[in-house]
Amino acid sequence: MKTITRKKQELAEKTDRLKQRRIIEAIMYFAVGFMLSSCEVLKSASPFSVSLISVSKKNYFIFTALGSTFGYLLFCSDQFARYAAAILIVSLGTFAVSVADMKNQPYMPMLISFLSLLSTGIVVDVKTGAMLAQYGLTFAESMLGLGGSFFFFKAVNCNFRRFRFKALPVSDLTCIIISCSVVLMSLSRLNIGGISPARIVAVILVLLASKCGSYQIGTILSLALGLSLGLQSNDTMYLAGAYAFSTMLASLFSPVGKWNAAISFCASTVLFSLASGSASGMFISIETIASSLVFALIPNKAFAKLEELFHGSADITPDGSLRQSLVVRLRFAASAMNNISECVNEVREKINEINERNAEKSKESLTKEEYISEEIINRKTNEIRVVASDQFFSIADMLADLAREFDEAEYFDNIAAGRIRRLLGEYEIYPKNISVIEDKFSRVRIEIVTNGREVALSKPEIKKEISKICGRNFEKGRVTHFRDETMVTFAERPNYSFEIGFAQHCAEGKLCGDTIKLVNDSRGHSILIISDGMGRGNRAALDGAMGAGLLSRLLSAGFGFDSALKVVNSALLVKSNEESLATIDCASVDLFTGRVDLYKAGAPATFIVKGNRVTKCELTSMPAGILRGIEFAKRTAVLNRGDLIVMMSDGITELGGEWLSALLKGFENHTPQETADIILKEALNVAEGQKEDDMSVIAARLK
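Caption draft 1: Here's a closer look at the sheet that holds strand E11 (residues 606-610). In space, the 5 strands of this open sheet follow the order E6-E15-E14-E11-E12, with antiparallel pairing throughout. A strand with exactly one partner marks an edge of an open sheet, and here the two such strands are strand E6 (498-505) and strand E12 (613-617). Each strand axis lies, on average, 15° off the axis of its neighbour in the sheet, ignoring direction. One ladder, built from 5 bridges, connects strand E14 (residues 644-648) with strand E15 (residues 695-702); its direction is antiparallel.

Written as structure tokens, this is what we have:
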């Protein structure tokens, strides 16, 4: 009962908050509509209040219309009939568009405001017998109304989730600034002895934006405010150029100190005002001096707060001491998991000894069937404990791999991450996190995490823009989905690439016992995998696919070969009651340097062909799925441009090596796919009349 009462109270409070929010929004629309009706340009034109009505939301446009009506009645009484008619037309058009749900784009509001202003203006011009110049002014006012609708639409419908300045697109930011400038222009009618408070506020805002934000924001704001305030009369038209040039000087001197920025802006604007020879030049000079002085006297603590507003939402990524702390903690966690695994193993051995003693004691009291059944249960239970112990070791290795990866990350570029976030905001993409990572080899990798299955990140133009931001050439983004998140990784384009060909032959049925996987780990490594399941047909295909599939997923996630092999080995050990194993053959090629690391678990030889010289790389090792604690046998080689690496399953290599070595020397003029096809065809010819096994071959040439 208490829970129901509490939920009702929460619902009532939520409803009250929603009502209060709607009342506040209605008052704001009324007030802004009222203010904009006083905003005159081109001597007698006041189109912006009509523009705001056309973009107002469905539940609020009537309040904007009411505010505009009162405003025109007060400030434009001589043209009230014309503007009242325009308000009526634009209100009806806005209502119709809202009902039809056609306000997703700015084009309809723009058209409505343009036609309402143009039609009412022409009617008045015809009725009064106006000259041609007056028709031109009417058209110009209609165009201003059209432009105002566009800027107001963008500002009103801006997604304020990205109103953190690093995420807000420049286009939306510009529209917001211009819209606010028009509202501020409506206040410029208020003069105190010739001094305009609106212009004083404008100069302070421009100086704050240049000092605490960026040169880009300051310039946009100065142009918007200068143009909007300059349109008031012919005497003030020079303000757009004066504010823009003065902002440039203030931005140059801003790093030296706030006084230098204020003095440079003040001196430049005063010079423009005196040079213009306008009647308002003296007043504008006084306003500029006053606002520059106010800016210079603002406490430094306030500047720090404003800088946090502009830049405080940047990603916090591991760097410096934080990165080292993270590496140390991961290593301690890996050590702890190792200790847990050893404890589990010791307990398993003691339990096994106790079970064996108990079995000997109860042997005489049990029938043969009962004794065998208990032995089987004890053995399977012991196997499960063994696998559990091995899994703790595997987790420890994975944590160590993560520690190594963070340790190799030399630098996290927060500035580039912020620029990428702003870029993605223009495509309506809002990432949870962006990491721009440069490793100790000066290779850059970008990881972008978003909610849901984001697909827009794969657009070529996004990759192109990201490459410009970072000054690097990136490959196409690699997309990884996990539950309700998506990670897109852009890796720097390496020096080399691989041309790969492969071929397979099924000895029994349609399923091949060999599985081939090709992996790009987004760190400049191309990984080739062949996993050969025991036997032939369906069962072998299952073991091979399981071994290669698990290994490729773990390597793609960034884990090392040794820890990934332990997981694969444990999975094969517990897969079924019957014996289950798979050989695993891997070649990891660093496409920046040409270094190749060979990893083999029971796999046959790999051949490296350099011109007419063939090198056989054969390593002794155990396949996965037989014993605990198996490890890869490893070897390293270096490939140059044009070198060929050939990997094969034992269905080919067990046919003998002489014919294969001789065959590999003649592939300089063949593509890797042709090479793979020729090797498989020749292997089938050699195996004719013998018991066939599944055959697989991968041929890859470094380009």
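Caption draft 2: Fine view of the nonpolar core. Counting residues in hydrophobic clusters, the biggest one holds 31 residues, and the most contacted among them are Phe265 and Phe295. For this core, the secondary-structure elements that each account for two or more residues are helix H7 (170-186), helix H8 (197-213), helix H9 (215-230), helix H10 (239-253), helix H11 (258-276) and helix H12 (281-296). The greatest single-element share of this core, amounting to 9 residues, is contributed by H8. Phe265 has contacts with Val203, Val206, Leu207, Tyr243, Ser246, Thr247, Ala250, Thr288 and Ser292, leaving out every residue within four places of it along the chain. One finds Ile529, Leu565, Leu572 and Ala582 within the second-largest nonpolar core, a separate group that totals 22 residues.

Caption draft 3: Geometry of helix H5 (residues 107-128). Given a rise of 1.5 Å per residue, 22 residues ought to cover 32 Å, and the 32 Å separating the end C-alpha atoms of H5 matches this to within 8%. Residues of H5 that are buried include every one of Pro109, Met110, Ile112, Ser113, Phe114, Ser116, Leu117, Leu118, Thr120, Gly121 and Asp125, and no others. Within two residues after H5, Gly129 carries a phi angle of roughly 65°, on the positive side.

Caption draft 4: Seen up close, the packing of aromatic side chains. Going through the model one piece at a time under the given rule, you end up with 10 aromatic pairs. The interplanar angle of 90° and the centroid separation of 6.1 Å between the aromatic rings of Phe114 and Phe139 together place this pair among those described as edge-to-face. With Phe114 in helix H5 and Phe139 in helix H6 (residues 132-156), the pair connects residues that are 25 residues apart, well separated along the chain. Of the residues examined, Phe139 reaches a relative accessible area of 44% and is grouped as partly exposed. When the centroid spacing of 5.6 Å and the interplanar angle of 65° are considered together, the rings of Tyr599 and Phe632 count as edge-to-face. Of the two residues, Tyr599 sits in strand E10 (residues 595-601) while Phe632 sits in the loop between E12 and strand E13 (633-638), which places them 33 residues apart along the sequence. Side by side, Tyr599 and Phe632 carry an identical accessibility label, which is buried.

Cut-offs and rules
Residues numbered from 1 in each chain as written. Predicted model: local features only at pLDDT ≥ 70, side-chain atom pairs only at ≥ 80, totals over all residues. Heavy atoms only, no water. Pairing = 2+ DSSP bridges. Helix = DSSP H or I, 4+ residues; strand = E, 2+ residues; numbered from the N terminus. Axes fitted to C-alpha atoms, helices over the stretch in contact; angles between N-to-C directions. Core = buried A, V, L, I, M, F, W, Y, C linked by side-chain atoms within 4.5 Å. Buried < 20%, exposed > 50% of the residue type's maximum accessible area, 1.4 Å probe, protein only. Contact = heavy atoms within 4.5 Å. Expected span 1.5 Å × (residues − 1). Phe/Tyr/Trp six-rings, centres within 6.5 Å; stacked < 30°, edge-to-face > 60°.

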